[in-house]
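Structural overview
As a plain string of letters, each chain reads:
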Amino acid sequence: MIQASDMKGASPDLRARALADLMVLDTAEEEAFDDLVFVAAKACAAPIALITLLDADRQWFKARFGLDVRETEIEHSVCRIDIDQGDFLEIEDLTADRRTRANPLVTGDRHFRAYAGAPLVLRSGVVVGRLCVIDTVPRPEGLGEKEKGMLRALARLASENLELRRTAKMSDRMVTLQTALVEIGDTIRNSRDAGQMAFATAGVVGRVLSADRAGFGSVDATVETIDVETDWTAPGVASIAGRHRLDTFRHLQDPPDPGEPLVVWDALGGERNLHDLQGATRIGVRSLVDMPVREHGKTIAILFVHSAHPRAWPPEEIAFLRSAADRLEAGVAQHRAEQQQRIINGEIAHRLKNTLTMVQAIASQTLRTVADREAIYGFERRLIALSAAHDALLETNWTQADLRTIANTVLETVAFADRCTLDGPPVALGPRAAVSFSLIVHELLTNAFKYGALSNEDGEVSLTWDIESAEAEDLLVIRWQESGGPVVIPPFRRGFGSKLVSVGLAGTGGVNLRYDRSGFSADLRASLRYLAQA
């Protein structure tokens, strides 16, 4: 919003900015303003009354009584005479005043002859127009003091209504911009790659700001070029995707501080001038915002918005663009980090597999004279089960692994997936719990293959899990159930696999093994919170 300290004589630029802040130009008729011009006309016995707002190249009527047009060219405006002085203006005979006697509204069919107007002064001190009355016959004696006082009072009411209207519209605008930021966040989360993030974000920005073009460009290390991979454009507007020199792209002779956004309301106006007018015209840039994205004190990217027409960029829109740029850069940075992490994880997985393969080869060579080959095969299969857990953990940067994913991977390595059913909700296991679970599932499968349900052609295995609420904390309950196999005979001794299963998930205990004649089963219980952190 324009501050009183910004006024400095209420220049046309400040008036244009103030009108843009009001968000009132070209809006529909409103009863609150229509009532004011009606009262003004009746109070002054005038056939015409207007609330006139002075734009850069036109005067536009927010309310009108007795006139059938909504605007006229600024050169035809009587209201703009001495407007920056902020005084009451009265001309008793427009044909006799040198400032108005050649005005087409005076010489033409409109036949304006007398004028009186009170300034519309905002709280900032900027004068944006007048509330005026017009007569089609001269008024040699002018308005009386009572009538002038009435016009001044009505002008103050009109100015206050403009301020109140802006406040209400600002609230609506803020809701719209906040909703757009939520949409940008959702878009970034759902995008597959950085290019899709940038294009989708630019589309939201372009539409919500009613721009002609919006895009995101990465700045090279020397801050000399900008790469625009893709941009959003309104219908009929050309794309500028590609590489550009940054000084040419930004077009300005006097760019601001590198850390601040570049904001241009009208590049052909007096505030900031294009030094490459031809190039800017070719790509349709009359006003723009370049929002830099900074990292470690250096510009690394720019979110840009272009308009082919002069327009204001109020503070709330600049704040919106800053937030949008921050969200987009965070999303792109996260995507790049994830890509890098996947590369690192792939290298770790490759080296880990090589290490496990080497361990397996060394063990085979070292133990080649051992007569009990089954023990050697068991050792090798346990290495494979460890590898399966590591693969699942690498998918999530070694933080947590999904229980079902681990179980599926182990089943695939043992080759009994078609005879095993899995059922249960998503459960995240920490690294230690993931390794423990993979080894336990491997041992149970090995036992089922040797002695249980998978030792014949008809048996099946069911692996289910669920979460039970307990007084202290939630428990993960895993059930292994075999059926259709040979008659179960409890083992006479406990081998390494049995001991591994009996210590429970991540060594927490809570194991119940049942050797029913119809089929072996096992229940494992452990704290869900502990397993997620183990």
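Computed from a predicted structure; not experimentally measured. (Residues numbered from 1 in each chain as written. Predicted model: local features only at pLDDT ≥ 70, side-chain atom pairs only at ≥ 80, totals over all residues. Heavy atoms only, no water.)

1. Focus on the environment of arginine 517
Within the element layout of this structure, arginine 517 appears in the loop between β18 (511–516) and β19 (519–527). For arginine 517, a relative accessible area of 62% translates into the label exposed. In the structure, arginine 517 is positioned 29 residues away from valine 488 in sequence and 4.6 Å away in space, judged by C-alpha atoms. Once residues within four sequence positions are removed from consideration, arginine 517 is found in contact with Pro486, Val487 and Val488. (Helix = DSSP H or I, 4+ residues; strand = E, 2+ residues; numbered from the N terminus. Buried < 20%, exposed > 50% of the residue type's maximum accessible area, 1.4 Å probe, protein only. Contact = heavy atoms within 4.5 Å.)

2. A look at the sheet that holds strand β14 (residues 420–423)
Pairing is mixed in the open sheet, where five strands are placed in the order β14-β16-β17-β19-β18. Bordering the open sheet on either side are β14 and β18, each of which pairs with just one other strand. Within this sheet the neighbouring strands show an average axis-to-axis angle of 10°, counted without direction. Pairing analysis gives six bridges linking β18 to β19, with the strands arranged antiparallel. The residue of β19 that forms the bridge with tyrosine 515 is phenylalanine 520. Its contacts with the sheet place helix α11 (residues 431–450) against β14, β16 (460–468), β17 (475–483) and β19, and it is angled at close to 15° to β17. (Pairing = 2+ DSSP bridges. Axes fitted to C-alpha atoms, helices over the stretch in contact; angles between N-to-C directions.)

3. Details of the packing of helix α2 (residues 31–43) against helix α4 (residues 145–190)
Contact geometry for α2 and α4: axes closest at 10 Å, N-to-C directions at 175°. Taken together, the axes of α2 and α4 are roughly antiparallel relative to one another. Here α2 contributes Ala32, Phe33, Leu36, Val39, Ala40 and Ala43 to the contact with α4, which in turn contributes Glu147, Met150, Leu151, Leu154, Leu157, Ala158, Asn161, Leu162 and Arg165. Grouping the amino acids of the contact of α2 with α4 by side-chain chemistry returns 12 nonpolar, one polar and two charged. (Parallel < 35°, antiparallel > 145°, perpendicular 65-115°, else oblique. Nonpolar A, V, L, I, M, F, W, Y, C, P; charged D, E, K, R; others polar.)

4. Side note on the packing of α4 against helix α5 (residues 194–208)
Where α4 meets α5, the closest approach of the two axes is 9 Å, and the angle between their N-to-C directions is 165°. Viewed along their axes, α4 and α5 adopt a mutual orientation that is roughly antiparallel. Crossing angle aside, the handedness with which α4 passes α5 is right-handed. For the pair formed by α4 and α5, the contact residues are Arg173, Thr176, Leu177, Ala180, Glu183, Ile184, Thr187, Ile188 and Asn190 on the first element and Gln196, Met197, Ala200, Thr201, Val204, Val205, Arg207 and Val208 on the second. (Left-handed = near helix turned anticlockwise from the far one by under 90°.)

5. Structural notes on the environment of alanine 333
By secondary structure assignment, the location of alanine 333 is in helix α8 (residues 315–366). Judged by relative accessible area, alanine 333 falls into the partly exposed class, the value being 33%. Each C-alpha atom of the pair alanine 333 and alanine 194 lies 8.6 Å from the other, and the pair is 139 residues apart in sequence.

6. A closer look at the nonpolar core
Within the largest apolar cluster, 36 residues are counted, with the highest numbers of intra-cluster contacts made by Leu429, Phe437, Leu463, Leu476, Ile478, Trp480 and Leu505. Only α10 (403–414), β14, α11, β16, β17, β19 and α13 (528–533) provide two or more residues apiece to this core. Broken down by element, the residue count for this core peaks at eight residues, all from α11. Residue contacts for leucine 505: discarding those within four places in its chain leaves Ser436, Phe437, Ile440, Leu476, Ile478, Leu524, Ala526 and Leu531. One finds Ala202, Val204, Trp232 and Trp265 within the second-largest nonpolar core, a separate group that totals 33 residues. (Core = buried A, V, L, I, M, F, W, Y, C linked by side-chain atoms within 4.5 Å.)

7. Some remarks on the pattern of salt bridges
Applying the stated criterion across every chain yields a total of 22 salt bridges. Two residues, arginine 207 and glutamate 183, come together in a salt bridge whose shortest N-O distance is 3.9 Å. In this pair, arginine 207 is assigned in helix α5 and glutamate 183 in helix α4, connecting sequence segments 24 residues apart. Between arginine 525 and glutamate 468 there is a salt bridge, with the nearest N and O atoms lying 2.8 Å from each other. Residue arginine 525 is found in strand β19, and its partner glutamate 468 is found in strand β16; the two are separated by 57 residues along the sequence. (Salt bridge = Lys/Arg side-chain N within 4 Å of Asp/Glu carboxyl O.)

8. Some words on the packing of aromatic side chains
Counted by the stated rule, this structure contains two aromatic pairs. Both rings, one in phenylalanine 38 and one in phenylalanine 65, keep their centres 5.8 Å apart while their planes meet at 80°; by these two values the pair is edge-to-face. One end of the pair, phenylalanine 38, is in helix α2; the other, phenylalanine 65, is in strand β2 (residues 58–65), and 27 residues separate them in sequence. In this structure phenylalanine 65 comes out as partly exposed when scored by relative accessible area, which is 26%. With centroids separated by 5.1 Å and ring planes inclined at 45°, the aromatic side chains of tyrosine 515 and phenylalanine 520 adopt a geometry described as tilted. Among the residues examined, phenylalanine 520 registers a relative accessible area of 7% and is labelled buried. Sitting above the plane of the tryptophan 313 ring, arginine 311 keeps its charged end 3.9 Å from the centroid. (Phe/Tyr/Trp six-rings, centres within 6.5 Å; stacked < 30°, edge-to-face > 60°. Lys NZ or Arg CZ within 6 Å of the ring centre and 35° of its normal.)

9. Section: the confidence of the model for the protein
Averaged over all residues, the pLDDT of the protein equals 81, while 79% of them reach at least 70. In this model residues 1–9 is a low-confidence stretch, pLDDT under 50, and it forms 19 contacts with partners more than four residues away in sequence or in other chains. Considering only residues more than four positions removed or in separate chains, one finds that residues 251–256, a stretch of pLDDT under 50, has 19 contacts. (pLDDT = per-residue confidence, 0-100.)

10. Description of the sheet that holds strand β7 (residues 213–219)
One open sheet holds the six strands; their spatial order is β9-β8-β7-β12-β11-β10, and the pairing between them is antiparallel. At either end of the open sheet lies a strand with only one pairing partner, and these are β9 (242–245) and β10 (262–264). Within the sheet, the average angular offset between the axes of one strand and its neighbour, ignoring direction, is 25°. Where β7 lies against strand β8 (residues 225–233), six bridges are found, and the strand directions are antiparallel. Paired with valine 219 across the strands is isoleucine 226, a residue of β8.

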